[in-house]
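Descriptive analysis of the structure
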Amino acid sequence: EAQVTQNPRYLITVTGKKLTVTCSQNMNHEYMSWYRQDPGLGLRQIYYSMNVEVTDKGDVPEGYKVSRKEKRNFPLILESPSPNQTSLYFCASSPSSRQGQSWPPNQPQHFGDGTRLSIL
Amino acid sequence: AQTVTQSQPEMSVQEAETVTLSCTYDTSENNYYLFWYKQPPSRQMILVIRQEAYKQQNATENRFSVNFQKAAKSFSLKISDSQLGDTAMYFCAFMRANSKLTFGKGITLSVRP
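Just so we're clear, the structure is a prediction, and the values are computed from it rather than from any experiment.

When helices and strands are tallied, chain B shows zero helices and 12 strands. For chain B, the sequential pattern of α-helices and β-strands runs β-β-β-β-β-β-β-β-β-β-β-β. Relative to the compact-globule value of 13 Å for 113 residues, chain B shows a C-alpha radius of gyration of 13 Å, a close match. Viewed in the frame of its principal axes, chain B has a C-alpha envelope of about 40 × 25 × 20 Å. Sequence separation of 24 or more characterises 55% of the internal contacts of chain B that already satisfy a separation of 6 or more. Accessible surface, chain B as shown: approximately 5,400 Å² in total, 46% of it carbon and sulfur.

Structure (structure tokens):
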């Protein structure tokens, strides 16, 4: 079954304690992305990755790190979490357009089930 | 930068009636995708419908259809024969060539029995 898997689904932790939210996809997608969802603000992109070893900042990258050492995994790292990072987080993946190939891609982004983070 | 605007924070509709959710966007690009995602209380993000900007024909998926007005940069979602299971938050989203998705703030739709 094609899916994007996030872990953990829920986490309550304290300010300053480093944490990692994992994201894994089994669809061989090049593009992966992290979003946070906050009431009244919709989903905002944190970081994205066009392929292995290629990452870039989204709209709200402050306080987050990512890595893309393998195609299937795209962990989100909070080195020193703060209460304003309490949010619902989504990982997503999709095929990516490449130069010379037709655009747009024929699949939309697939989302994980979300991770609810509470930073006390 | 692309922006997506959903000006209505919430709407309510009677079961079996039709409701239209509005969305406008701003971009200078010519090739892009537009989406409507549904987020039920389970928090999953479920793709409802998508529209390619280069296609003039409005997309349709069963009870869901869009009114895509490219010149006006408008992308509204029409839900026909509303069902209780349609109760959810709905997000309009814009995707450009590098796959970056920009979301609107969402609208909460309640379907009344």
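Let us now look at the packing of aromatic side chains. Residue and element names in this part refer to chain A. In the structure shown here, the tally under the stated rule is 16 aromatic pairs over all chains. Ring geometry for Tyr31 and Tyr48: centres 6.0 Å apart, planes at 25 degrees, overall stacked. Placement of the pair is Tyr31 in strand β4 (residues 31–38) and Tyr48 in strand β5 (residues 42–51), with a sequence separation of 17 residues. Judged on exposure class, the residue Tyr31 and its partner Tyr48 are both buried. Judged by centre distance (5.9 Å) and plane angle (65 degrees), the ring pair of Tyr64 and Tyr89 falls under edge-to-face. A residue pair is termed long-range when its members are at least 10 positions apart, and Tyr64 in the loop between β6 (54–57) and β7 (65–66) and Tyr89 in strand β9 (residues 87–94) qualify at 25 residues. Classification of Tyr64 by relative accessible area gives buried; the value is 5%.

In this section: the environment of Asp86(B). Residues and elements named next belong to chain B. Structurally, the position occupied by Asp86 is in the loop between β9 (74–79) and β10 (88–95). Along the chain, Asp86 and Glu15 lie 71 residues apart, while their C-alpha atoms are 9.4 Å from each other. With residues up to four places along the chain from it excluded, the contact list for Asp86 reads Lys38, Arg63, Phe64, Ile79, Asp81, Leu109 and Val111.

The two faces of a sheet get side chains in turn, since along a regular strand they alternate between them. Residues and elements named next belong to chain A. With respect to burial, β5 is a largely interior element, seven of its 10 residues being buried. Here β4 pairs with β5 via seven bridges, running antiparallel. Looking across to β5, one finds that Trp34 is bridged to Tyr47. Hairpin remark: β4 followed by β5, antiparallel, with three residues in the connecting loop; positive phi at Gly40, about 80 degrees.

Residue and element names in this part refer to chain A. Spatially, four strands are ordered β1-β3-β8-β7 in an open sheet, and the strand pairing comes out antiparallel. On the outer flanks of this sheet lie β1 (4–7) and β7, each paired with one strand and no other. Pairing of strand β3 (residues 19–25) with strand β8 (residues 76–78) involves three bridges; the strand directions are antiparallel. Within β8, the residue paired with Val21 across the bridge is Leu76.

Right, let's talk about the interface of chain A and chain B for a bit. In this assembly, 31 residues from chain A lie in contact with 25 residues from chain B. Between the two partners, chain A and chain B, sit zero salt bridges. Scanning the region where chain A abuts chain B turns up three residue pairs in polar contact (both at pLDDT 80 or more). For the side of chain A that touches chain B, the secondary structure elements donating two or more residues are β4, β5, β9 and β11 (115–119) of chain A. The class makeup of the residues in the side of chain A that touches chain B is 15 nonpolar, 12 polar and four charged.

Basis of the calculations
- Residues numbered from 1 in each chain as written.
- Chains lettered and ligands numbered in written order.
- Predicted model: local features only at pLDDT ≥ 70, side-chain atom pairs only at ≥ 80, totals over all residues.
- Heavy atoms only, no water.
- Helix = DSSP H or I, 4+ residues; strand = E, 2+ residues; numbered from the N terminus.
- Rg over C-alpha atoms; globule rule 2.2 N^0.38 Å.
- Contact = heavy atoms within 4.5 Å.
- Areas by Shrake-Rupley, 256 points an atom, 1.4 Å probe, with all protein chains shown as cover.
- Phe/Tyr/Trp six-rings, centres within 6.5 Å; stacked < 30°, edge-to-face > 60°.
- Buried < 20%, exposed > 50% of the residue type's maximum accessible area, 1.4 Å probe, protein only.
- Pairing = 2+ DSSP bridges.
- Salt bridge = Lys/Arg side-chain N within 4 Å of Asp/Glu carboxyl O.
- Polar contact = N/O pair within 3.5 Å; in protein donor to acceptor, adjacent residues only side chain to side chain.
- Nonpolar A, V, L, I, M, F, W, Y, C, P; charged D, E, K, R; others polar.

In short, geometric facts, not functional conclusions.
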